[in-house]
Amino acid sequence: MAEQLWWGAQAGRGGPLADMFAALAPRAMEEAVLRRGQGEDWHTPLEDLSRRHAG
């Protein structure tokens, strides 16, 4: 699923979640995937990681 988000963002058709995922640093992407695997939806960790890793 993470690959689909990333590729969708690269093709300009992934939507907001894909864009947030693709903008993360690789380490943050790994954390997002880990949190998704622990039962969180995509939206919560992506918003959290985007805020934490901004700037």
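In what follows, the accompanying structure is described.

**Points about the packing of helix α3 (residues 26–37) against helix α4 (residues 43–52)**
In step 1: Following both chains from N to C, one finds α3 and α4 inclined at 155 degrees, their axes separated by 9 Å at the closest point. As the angle between them shows, α3 and α4 are arranged roughly antiparallel. Here α3 runs over α4; the crossing is right-handed. Listed contacts from α4 to Ala28, Glu31, Ala32 and Arg35 of α3 are Thr44, Pro45, Leu46, Asp48, Leu49 and Arg52.

**Quick look at the packing of aromatic side chains**
In step 1: With the rule as written, the count across this model stands at one aromatic pair.
In step 2: With centroids separated by 5.8 Å and ring planes inclined at 80 degrees, the aromatic side chains of Phe21 and Trp42 adopt a geometry described as edge-to-face. Within this pair, whereas Phe21 is found in helix α2 (residues 15–23), its partner Trp42 is found in the loop between α3 and α4, the two being separated by 21 residues in sequence.
In step 3: With a relative accessible area of 3%, Phe21 lands in the buried category.
In step 4: On the accessibility criterion, Trp42 (9% relative accessible area) is buried.

Analysis parameters
- Residues numbered from 1 in each chain as written.
- Predicted model: local features only at pLDDT ≥ 70, side-chain atom pairs only at ≥ 80, totals over all residues.
- Heavy atoms only, no water.
- Axes fitted to C-alpha atoms, helices over the stretch in contact; angles between N-to-C directions.
- Helix = DSSP H or I, 4+ residues; strand = E, 2+ residues; numbered from the N terminus.
- Parallel < 35°, antiparallel > 145°, perpendicular 65-115°, else oblique.
- Left-handed = near helix turned anticlockwise from the far one by under 90°.
- Contact = heavy atoms within 4.5 Å.
- Phe/Tyr/Trp six-rings, centres within 6.5 Å; stacked < 30°, edge-to-face > 60°.
- Buried < 20%, exposed > 50% of the residue type's maximum accessible area, 1.4 Å probe, protein only.

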